[in-house]
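Secondary and tertiary structure notes
For reference, the chains in residue letters:
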Amino acid sequence: MRKILLAFVLITGSLPSFANTVLMTLSEAIKVNMVEVSGAATGQNYRSRALRLKAVNKSGSIIQLKINQGAIFNPTEAGYQPLVCAGEEMITLQPFKDGQLDVQTFCADAPNKAPMQNLAYKYARAGSDTLVKLLQYVKKNFFFDDLGQDAVWVVTNNHGLETVYDGTREMQAEKLIDYLVQITGKPKPTYYLSNTVSLIPGQPVYVAKPLKIHAKFEQVLSESKKLTLGVFDGTGKMIQEVFSNRPYGKAGHRFTVNFESSNVPAGQYYIRLKEGETVLQEKMVEVK
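If you're wondering where the values come from, they're calculated on a predicted model, not measured in any experiment. (Residues numbered from 1 in each chain as written. Predicted model: local features only at pLDDT ≥ 70, side-chain atom pairs only at ≥ 80, totals over all residues. Heavy atoms only, no water.)

When glycine is set aside, most residues are seen to have a negative phi, and most peptide bonds are trans. For N118, which is not glycine, the phi dihedral falls at a positive 75 degrees. Within the element layout of this structure, N118 appears in the loop between β9 (105-107) and β10 (120-126). Overall, the relative accessible area of 58% leaves N118 in the exposed class. One non-glycine residue, F142, lies in the positive phi region at around 60 degrees. Residue placement: F142 occurs in the loop between α3 (129-140) and α4 (146-156). F142 gets classed as exposed once you look at its relative accessible area, which sits at 67%. (Helix = DSSP H or I, 4+ residues; strand = E, 2+ residues; numbered from the N terminus. Buried < 20%, exposed > 50% of the residue type's maximum accessible area, 1.4 Å probe, protein only.)

Structure (structure tokens):
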């Protein structure tokens, strides 16, 4: 073996070199032209592993490639949603070889259609620092579901924080909203929305008009009172009653309203807690 190696040195004038291993994010590797990437929809829903990436190593180095959170891929066909990578998956690419993997995604543009299987995608850009911070929080808390998707649209589509809602996980949703307030500067909502969201390929993903509007009230009574709680239109007419003239004793009370808003005309509505004609608390909500 030593004789063979010596002969190689005499002929070439150098020892054989071996490929170095380089750790890079996908966006970095594309920027310096070390990796070429393409994508296709897997057929899974857009808030799961919806994107299959094929990456080609164009260099003589081994690349450990991290699919950076916030990397955005656009569809090659108009009308379908872009997808944002969220999972930080890793793949090792040998020199001048390719590899593929399925990556965790979210929809990055709510009004567009969910992708059809095998729809082609191409790399568009790295996401904003705010989007990356949010996706780090989502991954840490395992919000790869509707709650995480609602939060992503706050950043990518400028949705209000009232759209980030899950009545079955109120504490987790509250903490997520507090974090969104911190990183976006948006005001904390006084009510929340349940919207229609579709996972069906080829169908629009998000309908802006809410199915329900959820609001909570806390009221401390210094004496017993009869209270009314309901939803009122702009003329002062009650259009949805929660309760009327119900007696409550001296104490602190909590009330929840679930306003069925899907079939009412667009406009402003008022959720009111009243004693007789006196309004104790009011929340104005808007139906688009």
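Next up on the list: the sheet that holds strand β13 (residues 225-232). Ordered in space as β14-β13-β16-β17, the four strands form an open sheet in which the pairing is antiparallel. The sheet terminates laterally at β14 (238-248) and β17 (278-287), the two strands that pair on one side only. The average angle at which neighbouring strand axes cross in this sheet is 10 degrees, direction not considered. With nine bridges joining them, strand β16 (residues 267-275) and β17 adopt antiparallel strand pairing. Across the sheet, residue E275 finds its bridge partner in β17, namely T278. (Pairing = 2+ DSSP bridges. Axes fitted to C-alpha atoms, helices over the stretch in contact; angles between N-to-C directions.)

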